[in-house]
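Below, each chain spelled out in residue letters.
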Amino acid sequence: MPLISLSDIHHTYSGTAQAVPALRGVSIDIDPGEFVAIIGPSGSGKSTLLNIIGTLEKPSQGRYLFDNRDVTTIPERDLARLRATRIGFVFQNFNLIDHLTVYQNIELGLRYRRDHLRGRRELVMEAMDRVGMGHRADHLPRQLSGGQQQRCAIARAIVGQPAIVLADEPTGNLDSRNAAQTLGILKELNDKGTTLIIVTHALSQADQASRTIEMHDGRIHLSSRRLS
Ligand code: ADP
Ligand code: ADP
């Protein structure tokens with residue numbers, strides 16, 4: 001059974017002068033454990049598609065089943081919980097909180113969990129170690145390089161052990177060395193079973209995915225699976 005099932009999704013942002021549809025009939029099923037790369041020109045709907053998958057945006061039209069639940073009928077409060085417990089987000093600009101330490105930023109990923117303090121500490125430590133940030137627990141984001149900030153953001157995304165990680169241009173602000181390292185960490189997560197969906201401009205990254213989806217004018221233009 002697919003983890004993600006989108007059928008004929010349309011999306012138009014409201015409140016814009018000329019409402020140009022961002023998505024115009026997207027259908028796709030994504031199975032647990034897949035690594036999907038979404039590519040395509042700027043404005044083709046990649047971020048919109050990712051945000052709908054992440055339930056950050058509700059589609060104007062179409063059916064979305066997440067783990068066989070109809071997302072469009074889930075009230076916002078429950079949706080926030082689903083998002084916080086099942087989905088990890090990684091953004092191009094890291095989205096860390098400036099005045100919180102690495103440890104505290106990562107702990108934010110557990111805000112919907114009721115684990116005991118000790119359990120929480122173990123989860124945060126484990127996530128920090130997985131991204132090689134164990135020795136930076138007390139640093140503030142501004143004391144870190146871009147690559148380190150993104151590793152911290154990945155730790156925040158995975159600390160709650162989500163089923164899926166969504167990353168929008170996760171390496172867009174990184175030099176090639178840090179980009180490769182960041183992608184390596186995301187791939188490692190996928191190798192251990194986490195479903196991974198990234199939006200990327202880098203074809204070298206898309207080549208490493210098990211499936212590539214190319215967007216064009218709000219539609220899936222091409223979808224190809226890697227022969228392994
Ligand atoms: P990307 O190509 O990586 O999606 P953009 O520069 O298009 O980056 O978008 C950056 C942010 O601005 C996103 O949060 C997106 O939702 C928002 N955005 C993009 N286009 C518009 C627009 N026409 N009006 C308002 N917000 C927009
Ligand atoms: P991509 O990620 O491929 O660059 P987006 O999904 O960001 O594409 O954008 C698709 C279309 O939707 C573009 O025309 C963009 O300007 C528009 N758009 C994106 N975000 C917003 C927003 N928050 N408000 C209004 N229009 C938006």
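The residue count restarts for each chain, going from 1 along the sequence in the order it is written. A letter from A marks each chain and a number from 1 marks each ligand, given out in the order of writing. The predicted nature of this model means local features are confined to residues of pLDDT at least 70 and side-chain atom pairs, given and counted, to a pLDDT of 80 or more, with totals for whole chains, interfaces and linings taken over all residues. Where side-chain values are given, they derive from all heavy atoms of the structure, hydrogens and water being excluded.

The name given to the protein in an unreviewed UniProt entry is ABC transporter family protein, with the source organism recorded as Asticcacaulis biprosthecium C19.

## Re the site of ligand 2
Neighbouring residues of ligand 2: eleven residues in total, closest Gly 43, Gly 45, Lys 46, Ser 47 and Thr 48. Here a polar contact is recorded for every N or O atom pair within 3.5 Å, except that within protein the pair must consist of a potential hydrogen donor and a potential acceptor, and residues adjacent in sequence are included only if both atoms are side-chain atoms. Between ligand 2 and Gly 43, the relevant distance is 2.7 Å, taken from an oxygen atom to a main-chain nitrogen or oxygen of the residue. Here an oxygen atom of ligand 2 and a side-chain polar atom of Thr 48 are 2.5 Å apart. Only the protein chains shown count as covering a residue, and every accessible area follows the Shrake-Rupley method with a 1.4 Å probe. Coverage of ligand 2 by the protein amounts to 59% of the 550 Å² it exposes when considered alone. If you tally residues by element for the shell around ligand 2, the top one is helix H1 (residues 46–53), at three residues. Ten residue types, Ala, Val, Leu, Ile, Met, Phe, Trp, Tyr, Cys and Pro, are classed as nonpolar, four, Asp, Glu, Lys and Arg, as charged, and the remainder, Gly among them, as polar. Grouping the constituent residues of the shell around ligand 2 by class yields three nonpolar, seven polar and one charged. The criterion for a residue being near a molecule or strand is simple. One of its heavy atoms has to lie within 4 Å of it. The helix count covers DSSP runs of H or I at least four residues long, the strand count covers runs of E at least two residues long, and both are numbered beginning at the N terminus.

## A few points about the packing of aromatic side chains
Aromatic rings from Phe, Tyr and Trp, with only the six-membered ring used for Trp, were paired whenever their centres fell within 6.5 Å, and each pair was classed as stacked if the ring planes differed by under 30 degrees, edge-to-face if by over 60, and tilted otherwise. Evaluation of the coordinates by the stated rule reveals one aromatic pair. Ring geometry for Phe 89 against Phe 91: centres 6.0 Å apart, planes inclined by 5°, an arrangement best described as stacked. Accessibility here uses a 1.4 Å probe with only protein chains present; expressed as a share of the type maximum, an area under 20% marks a residue as buried, one over 50% as exposed, and anything in between as partly exposed. Phe 89 sits in the buried class, given a relative accessible area of 16%.

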